[in-house]
Amino acid sequence: MIDFALRGNKVLTPTGIRQAVVLVKDGRIADVLSELPAGFDADVIEIQDSVLMPGIIDPHVHINEPGRTDWEGFDTATKAAIAGGVTTLIDMPLNASPVTTTADAFDQKLAATEGKLHTNCGFWGGLIPGNTSEIEKLIAKGVLGFKAFLTHSGIDEFPNVMEADLRKAMPIIARHGLPLLVHCELSTNEKLATGDVRSYANYLSSRPGVWEDNAIALILRLCEEYNCRTHIVHLSSASSIEPIADAKRRGLPLTVETGQHYLFFNAETIPDGQTQFKCAPPIREKENNDRLWAALREGIIDFVATDHSPAPPDLKQMKSGNFMTAWGGIASLQLSLPVLWTAARQRGFGVAEIAGWLSEKPAQLAGVSTRKGTIETGYDADLVVWNPEKSFTVLADQLYHKHKMTPYLNEELYGVIEQTYLGGVPVFSHGSITQLNAGKRMLKERE
Ligand SMILES: [Zn+2]
């Protein structure tokens, strides 16, 4: 009665990497065995020395639909996802138009996904000043949590919250046990960079680490006061690692992500005028980034998410190279695993750490860890098969993102995605998408 089996030498199970057979039935993992059962007569897919891992869960993706589909959209982003082994993503409440800050906007968001979901997709609601009364309506509609900014978001209709707004919202969010995701930069000193607008060093100095450190200090205080699950998105400033570690030691309900680009690039080697590297908070110096790696190793940083946030070339100021006016955001959804693996393998990490950072831990944030993020009996058969020894050069024509510019173009990366399974359905195989529209909406189930 089994639909098919995947057999390989490097299957990532909760007890480590081992030779195993994964049986799939009705979209779920029916069993994980050391050998094929006697008399097994369904198909066996042999993956030999490729890695079989739970599909990637990326909880930080800006799809921008409806309203800004010239930036990115569900069709292109979710194709990029399955080509990159991403079997679940969670869409951010901006930069779509309308932003997902009301129940009505959420209905429009869901309508926009119709016929365009090629991977599983959940949704964060947005928290802005004045929308406290929408929080429970959004929860009832199925958002998995909320996202807020402490500095200008880049989108005028998604203004940042102040401490008073958080004090109203956090008790409500905490009561429902959902996480509040916070973009932690607090622009206390309005020190605008002067001089060469194409200079990366100038851009970097315009968003110093202290912006993050001040925001994180505030957020740790409120997290403790309200006992509200709090998640710091894209940590870049290493000087916040110690306060975060201290808060975790004290048992605060706190999680932290960083982004691939903070681990892969260093400020010292970013050329002036190359605005595809612009993001906020910015990519900092090597010494800082080495400390992010150490925090990841120690579990102070829980996981890694892309913050895929593309924009059209003119908004990225690709011609002028003006870092000050360029849209901040890096397109990278499809490259999540190879970028992280390429940087991690040089530092002696293994495949098990990659699976923890890209699947298991993000599943916990999104509240789907009883169904996704590990290869165990009863879990969804969302799986990725990839070759850690093989490398490739990133070329624009391999990317499914709407806009092909990304700082990873022409990089040689290790980790080739060979197959992606969504609920047991093969959706990507050896360079081609094999099944569209197999993605499901992941709405928080209300009890
Ligand atoms: Zn973001």
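One can find the structure itself at the top, above this paragraph.
A quick note: this is a predicted structure, and the numbers were derived from the prediction, not measured. Think of each chain on its own: its residues are numbered from 1, step by step along the sequence as written. For a predicted model such as this one, the threshold for reporting local features is a pLDDT of at least 70, and the threshold for listing and counting side-chain atom pairs is 80 or more; totals across whole chains, interfaces and linings nevertheless cover every residue. Just so you know, side-chain values use all the structure's heavy atoms and leave hydrogens and water out.

A few points about the coordination of the zinc ion
Metal coordination angles have textbook ideals: 109.5 degrees for a tetrahedral set of four donors and 90 or 180 degrees for an octahedral set of six.
Then comes step 1: Within the first shell, the zinc ion binds the protein through H60 (NE2), H62 (NE2) and D307 (OD), at distances of 2.1 to 2.2 Å.
Then comes step 2: All donors of the zinc ion come from a single chain, and their spacing in sequence reads H-x1-H-x244-D. Of the two residues, H60 and H62, both sit in the buried class. Donors, by definition, are the N, O and S atoms found within 2.8 Å of a metal, the threshold being 3.2 Å for Na, K and Ca, and water is not counted, so a site can look incomplete. Relative accessibility under 20% of the residue-type maximum defines a buried residue, over 50% an exposed one, and the middle range a partly exposed one, all with a 1.4 Å probe and only protein chains included.

Some remarks on the pattern of salt bridges
Then comes step 1: A carboxyl oxygen of Asp or Glu within 4 Å of a side-chain nitrogen of Lys or Arg is what we treat as a salt bridge. By the definition in use, this model includes 25 salt bridges.
Then comes step 2: Linking E185 and R207 is a salt bridge whose minimum nitrogen-to-oxygen distance equals 2.8 Å. Within this pair, whereas E185 is found in the loop between β10 (180-183) and α5 (200-206), its partner R207 is found in the loop between α5 and α6 (209-226), the two being separated by 22 residues in sequence. Of the two residues, E185 and R207, neither departs from the other in class, the shared state being buried.
Then comes step 3: The network of salt bridges with common partners includes R28, R371, K372, D380 and D382. Each helix is a run of H or I in the DSSP string that is no shorter than four residues. Each strand is a run of E no shorter than two, and both are numbered from the N terminus.

Structural notes on the sheet that holds strand β16 (residues 425-429)
Then comes step 1: Read from one edge to the other, the open sheet built from eight strands follows the order β3-β2-β1-β4-β14-β15-β16-β17, with strand pairing classed as mixed. Pairing within the sheet leaves two strands with one partner each, and these edge strands are β3 (28-33) and β17 (432-433).
Then comes step 2: Contacts between helix α10 (residues 336-346) and the sheet are confined to β4 (43-54), β14 (383-393) and β15 (412-422), with β15 contributing the most and set at about 135° to the helix.
Then comes step 3: The criterion used for residue contact is that any of the two residues' heavy atoms lie within 4.5 Å. Every angle, taken between N-to-C directions, lies between 0 and 180 degrees, and every axis is a line fitted to C-alpha atoms, over only the stretch in contact when it is a helix. Its contacts with the sheet place helix α11 (residues 351-366) against β1 (4-13), β2 (16-25), β4 and β14, and it is angled at close to 85° to β4. Between any two strands, pairing holds if DSSP finds at least two bridges.

Observations concerning the packing of helix α4 (residues 163-175) against α6
For any two helices packed against each other, the geometry comes down to the angle between their axes and how far apart the axes lie.
Then comes step 1: Where α4 meets α6, the axes come as close as 10 Å, and the angle between the chain directions of the two elements is 40°. Here α4 lies oblique to α6, going by the angle between them. The handedness of the crossing between α4 and α6 comes out as right-handed. Counted together, E163, L166, R167, M170, P171 and A174 of α4 and L218, I219, R221, L222, C223, E225 and Y226 of α6 form the full contact between these two elements.
Then comes step 2: In terms of residue class, the contact of α4 with α6 is built from nine nonpolar, no polar and four charged. Here roughly perpendicular refers to angles of 65 to 115 degrees, roughly parallel to angles under 35, roughly antiparallel to angles over 145, and oblique to all remaining angles. By convention the crossing between two helices is left-handed if the near helix lies anticlockwise of the far one by an angle smaller than a right angle, and right-handed if it lies clockwise. Note on residue categories: nonpolar means Ala, Val, Leu, Ile, Met, Phe, Trp, Tyr, Cys or Pro, charged means Asp, Glu, Lys or Arg, and polar means any other residue, Gly included.

Things to note about the pairing of strand β6 (residues 86-91)
Within a regular beta strand, the side chains point alternately toward one face of the sheet and then the other, so they alternate between its two faces.
Then comes step 1: The buried fraction of β6 amounts to six of the six residues, a majority that puts the element mostly inside the structure.
Then comes step 2: Summarising the sheet, strand β5 (residues 56-61) and β6 pair through four bridges and their orientation is parallel. Of the residues in β6, the one forming a bridge with I57 is T88.
Then comes step 3: With strands facing away from the observer, any crossover in which the path from the first strand over the helix to the second runs clockwise is taken as right-handed. Taking the sense of rotation as the criterion, the β-α-β connection linking β5, helix α1 (residues 74-83) and β6 turns out right-handed.
Then comes step 4: Sheet topology places β6 next to strand β7 (residues 120-123); four bridges connect them, and they run parallel. Residue pairing for β7: I90 is matched across the bridge by G122.

Digging into α11
Then comes step 1: The first and last C-alpha atoms of α11 sit 22 Å apart over 16 residues, in line with the 22 Å expected at 1.5 Å per residue.
Then comes step 2: The angle separating two fitted axes, one through the seven residues that finish at a residue and one through the seven that start at it, defines the bend at that residue. The sharpest bend along α11 comes to roughly 35°, located at W357.
Then comes step 3: For α11, every residue scored as buried is listed here: V351, I354, A355, G356, W357, L358, S359, P362, A363, L365 and A366.
Then comes step 4: After α11 finishes, the residue G367 shows a positive phi value of roughly 75°. A helix is expected to span 1.5 Å multiplied by its residue count minus one.

Any functional reading would require information that these geometric values do not contain.
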